[in-house]
Amino acid sequence: MAKGQTTVSDFAVAPRRSRSVEQSATQADTGTKPAELPTGQRNANQPHGPAPPGPQAEKPVNRLIAPTEVARRERATTRALQREDSRIRLRDLKRARDRESKHYVNCPLDYDTKTRLQKAALENDVKMTVIMKAAIDQFLKDNGY
């Protein structure tokens, strides 16, 4: 899709929600129909925020948002606890990895030794650090450390 050729019709638009019973009754009282209202403008009698909790809010409605404040609070609490558990597990994994962490030692090598090490690593399909660790470990064992 090129920038200059993009139009509004290229994007999918979700259908509008159906109007609630209160809004339909208000429109019936004023004599206006939803089709008569210009797009983007509201009727003066329509509420500008979410519908106030009342008898309608307690009816089970198939919506994405929980109908009651208690249900919303419960869902938010559950999600927060799940995030906290995930955060704690991740922290514990990082700590366990840090316990096994590497303690680095710098070791300057001459050119010939390094090229031999690279060749050995390439031919045996292992990393140079693995060879270095094995060599140091073998040296320490041979000398009683």
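About the cut-offs
- Residues numbered from 1 in each chain as written.
- Predicted model: local features only at pLDDT ≥ 70, side-chain atom pairs only at ≥ 80, totals over all residues.
- Heavy atoms only, no water.
- Helix = DSSP H or I, 4+ residues; strand = E, 2+ residues; numbered from the N terminus.
- Buried < 20%, exposed > 50% of the residue type's maximum accessible area, 1.4 Å probe, protein only.
- Contact = heavy atoms within 4.5 Å.
- Expected span 1.5 Å × (residues − 1).
- Patch = residues over 30% accessible without salt bridge, like charges linked within 9 Å, V, L, I, M, F, W, Y side chains within 5 Å.
- Areas by Shrake-Rupley, 256 points an atom, 1.4 Å probe, with all protein chains shown as cover.
- Salt bridge = Lys/Arg side-chain N within 4 Å of Asp/Glu carboxyl O.
- Lys, Arg positive; Asp, Glu negative; His and termini not counted.
- Charge placed at Lys NZ, Arg CZ, Asp CG, Glu CD.
- Axes fitted to C-alpha atoms, helices over the stretch in contact; angles between N-to-C directions.
- Parallel < 35°, antiparallel > 145°, perpendicular 65-115°, else oblique.
- pLDDT = per-residue confidence, 0-100.

**Student:** Quick question: what am I supposed to make of the overall build of the chain here?
**Tutor:** Check the secondary structure of the chain and you find four helices and zero strands. Out of the 145 residues in the chain, the part that is buried amounts to 4%. Restricting to contacts in the chain with at least 6 residues of sequence separation, those with at least 24 account for 15%.

**Student:** Sorry if this is basic, but what is going on with helix 4 (residues 128-142) here?
**Tutor:** Because the α-helix completes a turn every 3.6 residues, residues three or four places apart line up on one side. Compared with an ideal rise of 1.5 Å per residue, which puts 15 residues at 21 Å, helix 4 spans 21 Å between its outermost C-alpha atoms and is within 8% of the ideal. Downstream of helix 4 by a residue or two, Gly-144 has a phi angle that is positive, lying close to 80°.

**Student:** Would you explain a positive patch on the surface in this entry?
**Tutor:** Together, Lys-94, Arg-97, Lys-102, Lys-127 and Lys-133 make up a region of like positive charge exposed at the surface. Here Lys-127 shows up in the loop between helix 3 (111-124) and helix 4.

**Student:** Just checking my understanding: could you explain the packing of helix 3 against helix 4 for this structure?
**Tutor:** To describe two helices that pack against each other, one gives the angle between their axes and the distance between the axes. Packing of helix 3 against helix 4 brings their axes to within 9 Å, and their N-to-C directions diverge by 110°. As the angle between them shows, helix 3 and helix 4 are arranged roughly perpendicular. Taken together, the residues of helix 4 that come into contact with helix 3 (itself represented by Leu-117, Gln-118, Ala-120 and Ala-121) are Met-128, Ile-131 and Met-132.

**Student:** Would you take a moment to explain unusual backbone geometry for this structure?
**Tutor:** Excluding glycine, a negative phi dihedral is what most residues carry, and trans is how most peptide bonds are arranged. One non-glycine residue, Asp-125, lies in the positive phi region at around 55°. Its relative accessible area of 69% is what places Asp-125 among the exposed residues.

**Student:** What am I meant to see in the pattern of salt bridges here?
**Tutor:** Where charged atoms from two side chains of opposite charge come close, those side chains can pair. A complete count under the given rule lists five salt bridges for this structure. In this structure, Asp-92 and Arg-91 form a salt bridge, with 3.8 Å as the shortest nitrogen-oxygen distance. Since its relative accessible area comes to 33%, Arg-91 is described here as partly exposed. We note a salt bridge from Lys-141 to Asp-137, for which the minimum N-O separation is 3.3 Å. In this pair, Lys-141 and Asp-137 both sit in helix 4, four residues apart, roughly one turn of the helix.

**Student:** I keep staring at the environment of Gln-118 and nothing clicks. Help me out?
**Tutor:** Mapped onto the secondary structure, Gln-118 falls in helix 3. Each C-alpha atom of the pair Gln-118 and Met-128 lies 6.5 Å from the other, and the pair is 10 residues apart in sequence.

**Student:** What is the right way to read the confidence of the model for the chain from this model?
**Tutor:** Keep in mind that low pLDDT regions are not for reading the predicted coordinates in detail. For the chain, per-residue confidence averages 76 on the pLDDT scale, and residues scoring 70 or more make up 63% of the total. The lowest-confidence element of the chain is helix 1 (residues 21-30), averaging 56 in pLDDT; the highest-confidence one is helix 3, averaging 95. In this model, residues 40-45 is a region of pLDDT below 50 whose contacts with residues beyond four sequence positions or in other chains number nine contacts.

**Student:** What is the right way to read a nonpolar patch on the surface from this model?
**Tutor:** The grouping of Ile-136, Phe-139, Leu-140 and Tyr-145 at the surface amounts to a nonpolar patch, some 490 Å² of accessible area in total. Mapped onto the secondary structure, Tyr-145 falls in the segment after helix 4. Judged by its relative accessible area of 74%, Tyr-145 is exposed.

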